[in-house]
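Coordinates in review
So you can see what is in the structure, the chains are spelled out below.
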Amino acid sequence: MTRVALRSIRSHLGRFLMSVIAVLLGVAFVAGTFSLRAMLSSTFDSIVQASAQGDAYVRGVTSASGGSDPSTLGQERGVIPLTLEPILKATPGVAAVVPDLSGPVVLVGKDGTAVSGGGGAPSFGMAYDPADTGITLIVGTAPNGPGEVVLETATMQASGLAIGDTTSIVLGGVQQVRVVGEASFGTASAGARFVLLDRAVAAAAFAPDGGVRSFAVYARDGVAEKTLVADLRTALADQPAAEATTGDEVRTEAKAQIATILGFISTFLLVFAAISLFVGAFIIANTFQMIVRQRQREFAMLRAIGASPGQVFGSILVQAAVVGLLGSAAGVGAGVALVAGLRFVLARMGQELSGAIPLDASTVGISMAVGLVVSLVAAAVPARRAALTPPVEAMRDEVVVADRGSRLRSVLGAVLVVLGVVAVVASAVADLSSAGPVLGAGAAGIVLGVLLVSPTVVPAALRVLAAPVVAALRPLGALARGNVTRNPRRTASTAGALMIGMALVGAVSVLAASAAESTRSIVQNESTADFVMRSATFELPKEIVAQVEALPGVAAADAVHVGPLTVDGARTIAVGAPAAMFGRTLKVEVTSGDLASLTRGDVAVRASVATAKGWAVGDRLTVADGSQSRQVTIGAVIDSRALDVDVTLPLDVFQSLVPAGQDVVRTLFVAATPGSDLTALRAELTAAAKPYLIVSVLDNAQFADALADQVNQVLVILYALLGLSVVIAVLGIVNTLALSIAERTKEIGLLRAVGLGRAQLAAVVTIESVLTAVFGTVLGMVVGVGIASALPSVFADQGLSVLAIPWTRLLVVVALSVVVGALAAVGPAVRAARLDVLDAVSHE
Amino acid sequence: MRALAADPAATEQIASARTLVKVYGTGEAAVRALDGVDVDFARGEMTAIMGPSGSGKSTLMHCMAGLDTPTSGTVLVDGENVGRMKQRDLTRLRRTRLGFVFQSFNLIPTLTAEENITLPLDIARADVDRGWFDTVVDAVGLRDRLDHRPSELSGGQQQRVACARALVSRPSVVFADEPTGNLDSRSSGEVLDFLRRSVDELGQSVVMVTHDPTAASYAHRVLFLADGRLVGELEDPTPETVLDALRALGAGRREPVPHGSRSSAHAMAMDRDAAVHGQHLAAGHDK
């Protein structure tokens, strides 16, 4: 008797615990997302606050139609001449003017390697200006001349250098410098590294042609921002390229931009939170169904002696509320712990974020509310059923609740799937202007539709999936199949949780393979160079181009430059390339026209853009930047992945327009003189690159790998998140198995009585679990791969040219799902096998 | 009363028990559900076990069938000592030597009637003897129902499927626990008739627990249990003789029954038995 009571408490505890964990995981995701966002936002806001302390800003005007394209984010404004400085200084109310003289720099640390920004954050060089109130010199002196630098505090730590040390920086060329001071911005730098330079040095490096992006203007004491801006506007009346604005507005804009980017990140994370909450809700519903079932007679008795359905309903919901509150509270704690862990890891990687993890009332409130509502809603269905079951029926021995997928649900699901497939196919095949959103809507429709329709397909699909097991393991396979198909809705929702995660895995795998394959094909199809040189910062020092060209054995060193330009009124990133490059180190598919025309100053345009804008060979385009503008002729329409831009200009035209400060050498294609020793050449190139630290020499195969690696790095994070969603889905399987075994106790007793061994019973449970897992995985794979197959057609312009389906990887995932299913079955199988035959047979 | 066999393992008995004791609980709360039972079940006979609620009749059957472990005493089934068996051996025993028919929930709902019938053979990975299968199926008259699921069968048909399943592996003995407890009289008749014919025509041995005198009258022999002890028996019973015997048993609460002279202990044992029963019910509710 005591044993029975203890066992019952223990098993209930386990079930409640599973519900609490389910809520915990979902809520942890929600709370973690919100507090991570708040922490990132406060870090970046304080950076904005610290780095943009001017009372007013003078900057280039925006072009008519720029700004919305994320690829030109922050570059949509033209540059303004540095010569405006005296005019600004002479304006009434102005105390100081600080031009924005900053750009990429590489600092060599104590250990002789480049000091890398934490987590891929950039390294900046900037002019030290005592007037800039955002920078405080803590110790040492201000940098004076090209041989002196001051390091920002975190940069100093990361580099291992100290005041007085001599090191070198890569600023155009390699320069020997001495560290003369340490400065602070008074805020965490989120991993970015800062080297403060003498103003003249910074101006020469970052504004060689005298153009800067902006000036920060500081007001005299007592001068209001508004007055200052009005006076600046008057002073700038004859400068159409420049505009004055308040400091507040600049800071607000910068924060809004950050908020947009963080918004993407949190939306992305919240999708995973939603998945985990969906599974959590499902686990709670299952748990309460079990508990309600076990207490059915108790409820019937209560009803018989006069309890109202409402009272029964309420008593169950109280339990759900307890589960929800416990889970949410623990979840908020876990979420904070998650963010703390993340911050710790990031800090170890050199990316410092602001001190305290913000946990405001709204984060706690929203997280608790989400957990509570999910628990209550999930428990409401079984609670309602318990409350409305007539007492007489509940007293009966076996209450078999017919659980068939409703017709309406299936029809709705089927309609959604069909519409979704139509949308996805349309986005891939038809030439839609908004293919992306159509694809997204289609994908959402398919996933939702499949979730709705899956209970209807469960019996048929599992019959097929189970066929080999049924044939191989008689009668265990057939028993397991019967168990997973007898309650299609439950099996479908268990598998559904896994399905969503696996659909993402499938889609991401296809995307990754396609991206890698696309870049590989670019290199294979387009690069005819013997070697390619790139920089870890994506910016090659310009000096290296001449050095490489001068090497014996080098026939040609073609540098691909990128920079912002306004083409026919639209701001875009353009490429400048030596006209002779085509056919020498780069082979580009020409749709019409001739690339030789680039030698005459004509430009090449991307085929898809030409089609969209109606451009043809011979048309004239206006190419402009800031105050300058030029008419150019379209000489060729090309289809190139390597030159992944709309407009490619001959290098001389490009450099005449793009300010030197924004002209970046992205890649250097090197061709060897015929017959020269490639190994020797490689050694020479490597030697030339060595002083720059960040420059690597790659052959074509390595170049392709390097490009593919960039994709894979992003994917690691994605796979980690997906792994978590799979873990939660496994919890769902465990829970469903536990429920189903509890419901089948009597049947299990019968099977054991007619001679089913313990191992055989465990095998049946395992097969059930594996079938469910494989069903969810295969369904998810079909959905994910199907949707992802449309991606290359839709995003061909973004460089996704090849559809590659990684069959091996997908098969491995399906194989893993077998393992996952087997693991999920361990607990429930052991429990089922331990059931006492007589107890089970006489179980009610 | 038949004399007990000198050798319980002798082949005339399909199953036998000697000084079988089953105690539930410990200390003050200990209850003797079986209090030293000696019994032989003859091969090729149908034996019914009767007795009031809590008399220990189900416990006796469960111990005989290896579903429950006796506290002391020996249980032999077809010459094998069931009481000493480990789980693995018990599973094998159930698979090959025993057939079961329970009061309710006898069939796996996801399997067809035919699959349910062959289930013990499938589990044992034994070949189905089609000739024997046909004999059994025809005997229960389910030829046209083989493809149906249990939910598509009537209660009587379900019990007949269960009987067929119990017989298809040619077990040494079939244990039936209130096989007609949930059936109307016509369906009961069909099921009992089949069980009896399985003995008479197919040479089976059947042990059946029942509280229904009509059901008991189908047996060759009826054993009466009270307070965990064997208190009487009837050969070639009819409903009337069974009823008479039960009445005599009821009277035994006040007067000594002819079989035993333990009247003083009897009433006390009866109360204890009721306690056992009550405890079982409570346990059932807790699960």
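Everything numeric in this text was worked out from a predicted model, so none of it was measured.

1. Thoughts on the overall build of chain B
Summing up its helical and strand segments, chain B has nine helices and ten strands in all. With 287 residues in all, chain B has 47% of them scored as buried.

2. Things to note about the overall build of chain A
Along the backbone of chain A there are 24 helices and 24 strands. Relative to its 844 residues, chain A shows a buried fraction of 50%. Across chain A, contacts joining residues at least 24 apart in sequence account for 84% of those joining residues at least 6 apart.

3. Notes on the sheet that holds strand E2 (residues 31–42) of chain B
Residues and elements named next belong to chain B. Pairing within the open sheet is antiparallel, and its four strands lie in the order E2-E1-E4-E5. Edge positions in the open sheet fall to E2 and strand E5 (80–81), since each of these has one partner strand only. As paired elements, strand E1 (residues 13–24) and strand E4 (residues 72–77) share five bridges and run antiparallel to each other. Each bridged residue has a counterpart across the sheet, and for alanine 15 the counterpart in E4 is valine 77.

4. Let's talk about the packing of helix H12 (residues 435–472) of chain A against helix H21 (residues 758–788) of chain A
Residue and element names in this part refer to chain A. One way to put it is that H12 packs onto H21 with a least axis distance of 9 Å and a crossing angle of 135°. Comparing their axes, H21 and H12 come out oblique. Relative to H21, H12 is oriented so that their crossing is right-handed. When H12 is examined against H21, the residues Ala443, Ile446, Val447, Val450, Ser454, Ala461, Leu462, Leu465, Ala466 and Val469 are found in contact with a partner set consisting of Ile767, Leu771, Val774, Phe775, Leu779, Val783 and Ile787. Each residue belonging to the contact of H12 with H21 can be placed in one class, and the counts come to 16 nonpolar, one polar and no charged.

5. Considerations on the nonpolar core
Core analysis: the largest hydrophobic core is formed by 217 residues, its most contacted members being A:Ile284, B:Met64, B:Cys163, B:Ala164, B:Phe175, B:Leu195 and B:Val207. For this core, the leading source of residues is helix H1 (residues 2–51) of chain A, giving 18 residues. Counting residues in hydrophobic clusters, the runner-up holds 121 residues, among them A:Val79, A:Leu196, A:Ala557 and A:Ala574.

6. Examining helix H5 (residues 155–168) of chain B
Residues and elements named next belong to chain B. Taking 1.5 Å per residue as the helical rise, H5 with its 14 residues ought to reach 20 Å, and the 20 Å between its terminal C-alpha atoms agrees with that figure. Counting buried positions along H5 gives twelve out of 14 residues, so the element sits mostly inside the fold. Turning to H5, its buried residues number three or more, namely Gln157, Gln158, Gln159, Arg160, Val161, Ala162, Cys163, Ala164, Arg165, Ala166, Leu167 and Val168. Of the surrounding secondary structure, the elements contacted by the buried residues of H5 are strand E6 (98–101), helix H3 (113–123), helix H4 (130–140), strand E7 (173–177) and helix H6 (185–200). Looking one or two places after H5, you find arginine 170, whose phi comes out positive at around 50°.

7. A short note on the environment of A:Thr187
Residue and element names in this part refer to chain A. Mapped onto the elements of the fold, threonine 187 is located in the loop between strand E10 (173–184) and strand E11 (193–197). Under the C-beta neighbour-count criterion, threonine 187 is labelled partly exposed, with 19 such atoms within 10 Å. The spatial distance from the C-alpha of threonine 187 to the C-alpha of serine 46 is 6.5 Å, given a sequence separation of 141 residues. Not counting chain neighbours up to four residues away, the residues in contact with threonine 187 comprise Ser46, Ile47 and Ala50.

8. Quick word on unusual backbone geometry
For residues that are not glycine, phi is negative in most cases, and the peptide bond is trans in most cases. Residues and elements named next belong to chain B. You will see that arginine 125, though not glycine, has its phi angle at about 55°, which is positive. Here arginine 125 lies in the loop between H3 and H4. Accessibility expressed as a C-beta count within 10 Å gives 10 for arginine 125, which makes it exposed. Here the phi dihedral of aspartate 227 falls at roughly 55°; this positive angle occurs in a residue that is not glycine. By secondary structure assignment, the location of aspartate 227 is in the loop between strand E9 (221–226) and strand E10 (229–235).

9. Re the pairing of strand E22 (residues 647–650) of chain A
Residue and element names in this part refer to chain A. Judged from the three bridges that link them, strand E17 (residues 570–577) and E22 form a sheet pairing that is parallel. In the sheet register, alanine 577 faces E22, and the bridge partner there is proline 650. Pairing geometry for strand E19 (residues 603–606) and E22, over two bridges, is antiparallel. By the bridge assignment for E22, valine 605 is matched with valine 647.

10. Observations concerning the sheet that holds strand E1 (residues 56–60) of chain A
Hydrogen bonds between backbone atoms are what pair the strands of a sheet, whose relative direction is either parallel or antiparallel. Residues and elements named next belong to chain A. Read across the sheet, four strands follow the order E3-E13-E1-E14 without closing on themselves; strand pairing throughout is antiparallel. Two strands close off the open sheet at either side, each with one partner strand: strand E3 (94–99) and strand E14 (242–246). Put simply, the sheet's adjacent strands are angled 25° from each other on average, direction ignored. In the sheet, E1 pairs with strand E13 (residues 214–219) via four bridges, with the strands oriented antiparallel. From the neighbouring strand, arginine 59 faces E13, where its bridge partner is serine 214. The sheet contacts of helix H5 (residues 225–235) involve E1, E13 and E14, and relative to E14 the element is tilted by about 170°.

11. As for the environment of A:His561
Its place among the elements puts A:His561 in strand E16 (residues 554–567). Each C-alpha atom of the pair A:His561 and A:Thr667 lies 7.5 Å from the other, and the pair is 106 residues apart in sequence.

12. Section: the confidence of the model for chain A
Residue and element names in this part refer to chain A. Residues with a pLDDT of 70 or more make up 89% of chain A, whose mean pLDDT is 80. Mean pLDDT across the elements of chain A ranges from a minimum in helix H10 (residues 391–395), with 61, to a maximum in H21, with 91. When the criterion is pLDDT under 50, residues 64–75 qualifies, and its contacts beyond four places in sequence or with other chains add up to 16 contacts. Here residues 397–405 is a poorly scored stretch, pLDDT under 50, and it has twelve contacts once near neighbours within four places are set aside; other chains count.

13. What about the packing of H12(A) against helix H14 (residues 488–526) of chain A?
Residues and elements named next belong to chain A. Interhelical geometry of H12 versus H14 gives an angle of 140° and a closest axis separation of 9 Å. Here H12 lies oblique to H14, going by the angle between them. Crossing hand, H12 versus H14: right-handed. For the pair formed by H12 and H14, the contact residues are Val447, Val450, Leu451, Ser454, Pro455, Val458 and Pro459 on the first element and Pro488, Arg489, Thr491, Ala492, Ala495, Gly496, Met499, Ile500 and Ala503 on the second. Partitioning the contact of H12 with H14 into residue classes produces twelve nonpolar, three polar and one charged.

14. Remarks on the pairing of strand E20 (residues 620–625) of chain A
Residue and element names in this part refer to chain A. Where E16 meets E20, two bridges bridge the pair, whose relative direction is antiparallel. Opposite threonine 566, over in E20, you have alanine 624 as the bridge partner. Looking at chain direction, E20 and strand E21 (residues 628–639) are connected through six bridges and run antiparallel. Paired with aspartate 625 across the bridge in E21 is glutamine 628.

15. So, the environment of A:Glu249
Within the secondary structure layout, A:Glu249 lies in helix H6 (residues 247–294). Put simply, A:Glu249 and A:Asp55 are 194 residues apart on the chain and 9.8 Å apart in space, counted from C-alpha to C-alpha.

16. Some words on the confidence of the model for chain B
All names here are of chain B. Per-residue confidence for chain B gives a mean pLDDT of 81; residues scoring 70 or more make up 86%. In this model residues 254–287 is a low-confidence stretch, pLDDT under 50, and it forms 44 contacts with partners more than four residues away in sequence or in other chains. Listed scores for the predicted complex are pTM 0.70 and ipTM 0.75.

The rules we used
Residues numbered from 1 in each chain as written. Chains lettered and ligands numbered in written order. Predicted model: local features only at pLDDT ≥ 70, side-chain atom pairs only at ≥ 80, totals over all residues. Helix = DSSP H or I, 4+ residues; strand = E, 2+ residues; numbered from the N terminus. Buried ≥ 20, exposed ≤ 12 C-beta atoms within 10 Å, placed from the backbone. Contact = placed C-beta atoms within 7 Å. Pairing = 2+ DSSP bridges. Axes fitted to C-alpha atoms, helices over the stretch in contact; angles between N-to-C directions. Parallel < 35°, antiparallel > 145°, perpendicular 65-115°, else oblique. Left-handed = near helix turned anticlockwise from the far one by under 90°. Nonpolar A, V, L, I, M, F, W, Y, C, P; charged D, E, K, R; others polar. Core = buried A, V, L, I, M, F, W, Y, C linked by C-beta atoms within 7 Å. Expected span 1.5 Å × (residues − 1). pLDDT = per-residue confidence, 0-100.

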